[in-house]
Amino acid sequence: MLIKKTDDIKSSEITDEPLYFNRRNFLRGAVLAATTTATGWLYKSLTAQSQVTQTTDKIATVTSQSTGLLPNDKPNSFEEITHYNNFYEFSTSKQGVAPVAKNFVSRPWSVEVTGLANKPKTFDLDELIKLGQPEERIYRHRCVEGWSMVIPWVGFPLHKLLKEVEPLANAKFVEFVTVVDPTQMPNQRGTEVLSWPYVEGLRMDEALHPLTLLATGLYGQTLLPQNGAPLRLVVPWKYGFKGGKSIVKIRLVETQPRTTWSSENPREYGFYSNVNPTVDHPRWSQATERRIGEFGRRDTLMFNGYGEQVASLYEGMDLRKFF
Ligand SMILES: Nc1nc2c(c(=O)[nH]1)N[C@H]1C(S)=C(S)[C@@H](COP(=O)(O)O)O[C@H]1N2
Ligand SMILES: [Mo]
């Protein structure tokens with residue numbers, strides 16, 4: 001189960017906000033080092049997809065909300081992030097996703113933003129990236145299964161896109177519909193694994209929160225298929241399954257959408273699914289987690305450590321009831 005670390009980044013490199021840009025340069029160096037020492041196919045796929053690298057170079061500012069890293073957090077290696085994945089459309093084996101997804105074609109790609117909006121619109125991916133002005137966001141990622149990583153995403157806050165379409169006042173929720181393509185995704189040829197498409201959702205205020213990210217890359221490179229190319233959602237204070245991969249449609253709706261995992265098993269996977277160490281999964285404790293690449297377990301943090309930024313969204317809600 002354990003994946004060997006290939007390009008350790010010293011924890012002493014994790015710094016506070018003022019040193020952010022230096023650290024970012026360091027990470028870019030680490031990517032290059034990993035690239036030259038990794039296998040040939042990796043090198044090829046990275047150099048072939050240099051577009052977002054160039055775009056991210058232009059990022060001028062990163063707000064303090066974008067980091068929130070703790071002293072003992074260090075980014076997982078590119079190898080770990082791209083070879084330990086949940087993406088059931090391709091495979092239910094975490095190590096099996098990357099090889100099966102390897103040739104997934106995600107260009108051209110467009111995202112339809114529809115529903116309760118003044119200006120619904122279908123965006124071409126490149127247009128979307130330009131609009132969003134990608135920035136780097138290093139977030140903790142906590143899977144409901146009890147493991148975690150630290151991932152240096154490249155992306156832009158979802159609110160930038162939502163603002164473009166002008167949501168109507170009765171748009172209370174946002175639904176994220178991901179791709180259906182059984183020719184490229186073997187597990188979509190049946191419904192044994194899940195019913196397709198994989199759908200997720202957020203309340204409008206969660207969707208508009210500055211931490212909520214549409215990711216188009218990681219480690220300064222466009223996303224590989226296994227991480228949700230070309231566009232996936234990242235909601236760092238919620239369990240990982242809330243972050244739908246390979247999104248094709250974003251719908252603004254009035255009532256809480258039916259999401260894949262909460263309809264599959266509402267007792268185990270709630271609509272909100274905020275990381276909460278005090279609410280156990282019916283089949284296992286959520287109090288601790290295993291950081292990929294580490295031995296032993298760490299304590300899981302309320303809201304995955306982002307409580308200061310997001311706890312106010314849930315004031316007055318019983319987080320044991322609305323899980
Ligand atoms: N379309 C789709 N999105 C998905 C999943 C999936 O199976 N299909 N798995 C989810 C789960 S359980 C997790 S933990 C994260 C994993 O993202 P990563 O592989 O990039 O770390 O993606 C989420 N998004
Ligand atoms: Mo997950």
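See the structure shown above.
Just so you know, these numbers come straight off a predicted model, no measurement behind them. (Residues numbered from 1 in each chain as written. Chains lettered and ligands numbered in written order. Predicted model: local features only at pLDDT ≥ 70, side-chain atom pairs only at ≥ 80, totals over all residues. Heavy atoms only, no water.)

### Describing the overall build of the chain
Line of reasoning, step 1. The secondary structure content of the chain amounts to 10 helices and 12 strands.
Line of reasoning, step 2. Looking at the chain as a whole, 56% of its 323 residues are labelled buried.
Line of reasoning, step 3. Intrachain contacts of the chain at a sequence separation of at least 6 include 73% that bridge at least 24 residues.
Line of reasoning, step 4. Carbon and sulfur atoms form 53% of the exposed surface of the chain, whose accessible area is close to 14200 Å². (Helix = DSSP H or I, 4+ residues; strand = E, 2+ residues; numbered from the N terminus. Buried < 20%, exposed > 50% of the residue type's maximum accessible area, 1.4 Å probe, protein only. Contact = heavy atoms within 4.5 Å. Areas by Shrake-Rupley, 256 points an atom, 1.4 Å probe, with all protein chains shown as cover.)

### Details of the site of ligand 1
Line of reasoning, step 1. In the vicinity of ligand 1 there are 16 residues, among which Asn85, Tyr88, Glu89, Gly243 and Lys245 approach most closely.
Line of reasoning, step 2. Glu89 places a polar side-chain atom, nitrogen or oxygen, 2.8 Å from a nitrogen atom of ligand 1.
Line of reasoning, step 3. A distance of 2.7 Å separates an oxygen atom of ligand 1 from a polar side-chain atom of Lys245.
Line of reasoning, step 4. Summarising the interface, the protein chains cover 97% of the accessible area of ligand 1, which totals 540 Å² for the free molecule.
Line of reasoning, step 5. A class-by-class count of the residues in the shell around ligand 1 yields 5 nonpolar, 8 polar and 3 charged. (Near = heavy atom within 4 Å. Polar contact = N/O pair within 3.5 Å; in protein donor to acceptor, adjacent residues only side chain to side chain. Nonpolar A, V, L, I, M, F, W, Y, C, P; charged D, E, K, R; others polar.)

### Comments concerning the pattern of salt bridges
A side chain with one charge may pair with a side chain of the opposite charge, provided their charged atoms come close.
Line of reasoning, step 1. With the rule as written, the count across this model stands at 16 salt bridges.
Line of reasoning, step 2. A salt bridge links Lys94 to Glu145; its shortest N-O distance comes to 2.8 Å. A residue pair is termed long-range when its members are at least 10 positions apart, and Lys94 in the loop between α4 (78-83) and α5 (97-101) and Glu145 in the loop between β3 (135-142) and β4 (147-157) qualify at 51 residues.
Line of reasoning, step 3. Residue classification places Lys94 among the buried positions, given a relative accessible area of 13%.
Line of reasoning, step 4. A residue is classified by how much of its surface remains accessible, and Glu145, at 31% relative accessible area, is partly exposed.
Line of reasoning, step 5. Between Arg203 and Asp205 there is a salt bridge; the shortest N-O distance is 2.8 Å.
Line of reasoning, step 6. Within this structure, Asp73, Arg140, Arg142, Glu289, Arg291, Glu294 and Arg298 form a network of salt bridges that share partners. (Salt bridge = Lys/Arg side-chain N within 4 Å of Asp/Glu carboxyl O.)

### Quick notes on the pairing of strand β11 (residues 288-291)
Line of reasoning, step 1. Bridge analysis of β4 against β11 gives 2 bridges, and the strand direction is parallel. The residue of β11 that forms the bridge with Trp147 is Arg290.
Line of reasoning, step 2. Pairing of β11 with strand β12 (residues 298-299), which is carried by 2 bridges, proceeds in the antiparallel orientation. In the strand pairing of β12, Glu289 is matched with Arg298.
Line of reasoning, step 3. Hairpin connection between β11 and β12: a loop of 6 residues separates the two successive antiparallel strands, and Gly293 in this loop has a positive phi of roughly 95°. (Pairing = 2+ DSSP bridges.)

### Focus on helix α6 (residues 125-132)
Line of reasoning, step 1. What α6 keeps buried is the set Leu125, Leu128, Ile129 and Gly132. Down the axis of α6, the smallest arc covering the buried residues is 100°, so these residues share one side.
Line of reasoning, step 2. Put simply, Asp124 is the residue that caps the front of α6, since its side-chain oxygen is 3.2 Å from the backbone nitrogen of Asp126. (Arc of directions from axis to C-beta.)

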